[in-house]
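Structural description and commentary
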Amino acid sequence: MPQPRIIALDSTVRQIAIWPECAEILHKYDTARWGQRWSLQELEPFARHHQLDPQQFVAELADAAGATISPTIKTAPKSTPVRIISIALVVGLTLGAGWGVILLLQIAFGTSFAAVSNASVHVHGVAQLWGWMAMFVFAVGTYLLRQNTKKPSPAWLEQTAAMAVVVGLICFFIGLNSPIRQHIAWIDLVGSTLLLIASILFSTSVLWSLHGRGQKPLLWHRFVLSMIGWLWIWAITDWVLRFRGMNLPVLSDYARSLLIDLSVLGFALNAIYGFGIRLVPGLLNMGKLKQNRFNITLIVHNAGLVLLLLPWSPVKIVGAAAMLTGALIYISTMDYLRSKPSREIFGIDPRGHILIRVAFFWLVAGLGMVLIQQVWPQLPHAFAGAWRHALTVGFITTMILGVAQRMLPVFIKQPLASNPMMLTGAALIIIGNTGRVSLELATMGGWPWAFGWMGTTGLLELSALILFAINLIWTVRNQRHVYRADEPLRADTHVRQAINAKPVLQYRLCQLGVTMLDDTPFVAPSMTFGAMALAWGKRPRELLTELSAPVAPAGQQTV
C-alpha cells in the first residue's frame, strides 16, 4: 500500500520534488535547483526567500500533489536526561559539594575533624549519594534503557523520582536545625520515605523498559538488575535505621558506614559496571571484547560485598579481596582501556578520556584501601574517609564527568561547547581528589598542615563541578541557537541551518567536491561543518575558508 503524501513547512525542496506535480511548481524558482540537484532548503525559508507566504505556498504544493499538510515531518524530539542531570548538578553544587567545602574549610581552620558535627557531615554525604550520584544514574540509566526497548517507560517516573529526592534532601537539611527537630522528631523519617519512593519509581522505570524489550536481558542488563537490588536494600535499610533512631540527632557510626557501603559498593559500582559495558568501549574506541568475562565480575563483586557486610573479620577480608579481584577482572576485560587508532572526530578531544582512565585507577586504589582496612581494622577513622573519597569522588564523580561530557552532546545532538573548559575541569578534579585522599591519610600523623591544605582540595573539586555545569549550560544554549545569514560560518554551525539561511552554500559545497549531500533527502540536524570537514578528509578551518570564497556565476543555473 503506497505511503500517504505529507508536506510540512520543514519538508525540504528535495523531499517534495519527487512528486511531478510539485516539481512543476518548483521549477519556476531559480533556487529550487543547484546544479544537478534539488535544493536541501526547507520550504518555509525557501518561500520567504521568494517573498511568498509559507502557509499558502505549502497549501499550493499540497493541493497540486494531493498531499496532506502536517505541522512537521521531523521526528518528535525524544526526552533527554539533561533536565534531571541539571537538577543533580544544582544539588551537587549546593547541598552536596558546596556544603561539603564549607565543612572542609571548618575542619581546615579547626585543624580537627571534630570541628564539624557528625550530623552535618552525614547529611552532606546523603546529598552527595542521593542528590548527585543516584540522580545522575537515574537520568542516564533510564535514558539508555529507553532507547533499547519496544515499550519504553514514561519519563515522568524518573522525573517524579528526582523531585522526591530533592524534597527528601531538603527534609534532612531542615532536620539539622535543633528547634525544628525538637518539634518534628520524625522529619528524617519523612526524608527517608521520600527516598524510598524515589527508588520505587526509578526501579519501575528500569524494569518497565527491560520488560518492554520482550527478549532475554543482555549481559550489561544483569548489572542493572543487580543495581536495582542493591538500591532497594539501601533505601529500605535507610528507612529502617531512621525509624529505629527517630529521636537521635544522627545515626550511629556503624549505621552510616553501612549505608555508604550499600550505596557506593552496591548500587553505584553495579551501575557503573553495567552502563560502562554499554558506553565505555564506544567512547574509548576499543576493540572487540570478550564480554562473557564480565559475568565473573558480576558474581565475584556482589558475592564479595555480601561477605564484606557480614560481622566476621576473616569473612570481611575475603569479601574485600573478592571485590578488588572483580574490579581487576573488569578492567582487564576492558582491554585495560586501550583505544584503537581512529580518525579525528569533530568536537571530541581524546585527551578528555583521561577522566575515565583515572576513574578506574581510583576504583582499584579505593577497593585496595577497603581491603587494607579489613586486614587492619584498628586504623584511624581518617583512613575510612580517604577510601570513601577515593571511590565517591575519585571513581564515581570523575567517571560521571568523563562520560557525561562525551555522552550529553550525543543525547542533544550538539557539540560540547568548550573542550578547554573540559580539560581544565579534568585537571582540577584529578588534582583535587588526589590531594584530598593524600592529605586525609596524612592527618593520621596529626600534622596541622594536612588539615589546612584539605580545604584547598575541596575548592578545586567544587571548581571542577562548576566548570562542568557551565559547559553543560553553554552546550544546551548553543543547541537552541538558530544560525542567521549575517553570521560567519563556524565549525560548530549546523549545515542544515546554514543551508536554510544561505541556500547557495549547497552549490558551493558541490563545487568543492563534497558529495555526501548528493543523494540525501535532508541534512541530518546534528551535522556541523566541522564534522562534515573531517568526514570529507579536511580540516574544519580549510573547509570554512573555501566556503567563504565567491560562488561561480552559474551556481543557480537550473539543469
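As shown above, the structure is provided for reference.
So, here is what we can say about the structure in this document. (Residues numbered from 1 in each chain as written. Predicted model: local features only at pLDDT ≥ 70, side-chain atom pairs only at ≥ 80, totals over all residues. Heavy atoms only, no water.)

1. A look at the packing of aromatic side chains
The way to describe two aromatic rings as a pair is by their centre distance and the angle between their planes. What counts is decided by this rule: Only centres within 6.5 Å qualify two rings of Phe, Tyr or Trp (six-membered ring in Trp) as a pair; their planes then separate them into stacked at under 30 degrees, edge-to-face at over 60, and tilted for everything else. Each residue's exposure class comes from its accessible area (1.4 Å probe, protein chains only) as a fraction of the maximum for that residue type: buried when under 20%, exposed when over 50%, partly exposed otherwise.
Per the counting criterion, the structure on display carries 19 aromatic pairs. Geometrically, the ring pair formed by F361 and W362 is edge-to-face, given 5.2 Å between the ring centres and 75 degrees between the ring planes. On the accessibility criterion, F361 (52% relative accessible area) is exposed. By way of ring pairs, the aromatic residues F223, Y273, F294, Y330, F360 and F395 are connected into one cluster.

2. As for the nonpolar core
Cut-off, in case you're wondering: Remark: nonpolar core denotes a set of buried residues (Ala, Val, Leu, Ile, Met, Phe, Trp, Tyr, Cys) joined through side-chain atoms within 4.5 Å. Secondary structure elements follow DSSP: runs of H or I no shorter than four residues count as helices, runs of E no shorter than two count as strands, and numbering proceeds from the N terminus. Any two residues having at least one pair of non-hydrogen atoms within 4.5 Å are treated as being in contact.
Of all hydrophobic cores here, the largest spans 125 residues; its most connected members are W130, F138, W234, F267, L367 and F395. A per-element tally of this core places helix α15 (residues 381-412) first, with 18 residues. For W234, the contacting residues outside a window of four places in its chain are L129, W130, M133, A134, L259, L262, S263 and F267. Judged by nonpolar contacts, the second largest core, of 22 residues, contains I7, L9, F46 and A62.

3. Brief notes about a nonpolar patch on the surface
Note the cut-off: Candidates for patches are residues over 30% relative accessible area with no salt bridge; among them, like charges are joined within 9 Å and nonpolar side chains (Val, Leu, Ile, Met, Phe, Trp, Tyr) within 5 Å. Method for areas: the Shrake-Rupley scheme with a 1.4 Å probe, in which residue coverage is limited to the protein chains shown. Salt bridges are identified by distance alone: a Lys or Arg side-chain nitrogen within 4 Å of an Asp or Glu carboxyl oxygen.
A cluster of nonpolar residues, I200, W232, I236 and V240, forms a patch on the protein surface that exposes about 290 Å² of accessible area. Residue contributions to the nonpolar patch peak at three residues, all from helix α10 (residues 219-244). By secondary structure assignment, the location of W232 is in helix α10.

4. Digging into helix α13 (residues 313-333)
We apply this condition: A helix is expected to span 1.5 Å for every residue after the first.
The end-to-end C-alpha distance of α13 is 30 Å, a good match for the 30 Å that 21 residues give at a rise of 1.5 Å each. Where α13 is concerned, the buried positions are G319, A320, A322, M323, L324, G326, A327, I329, Y330, I331, S332 and T333. Check the buried side of α13 and you find it contacts α11 (253-283), α12 (294-308) and α14 (354-375). Immediately downstream of α13, the backbone of D335 shows phi near 55 degrees, a positive value.

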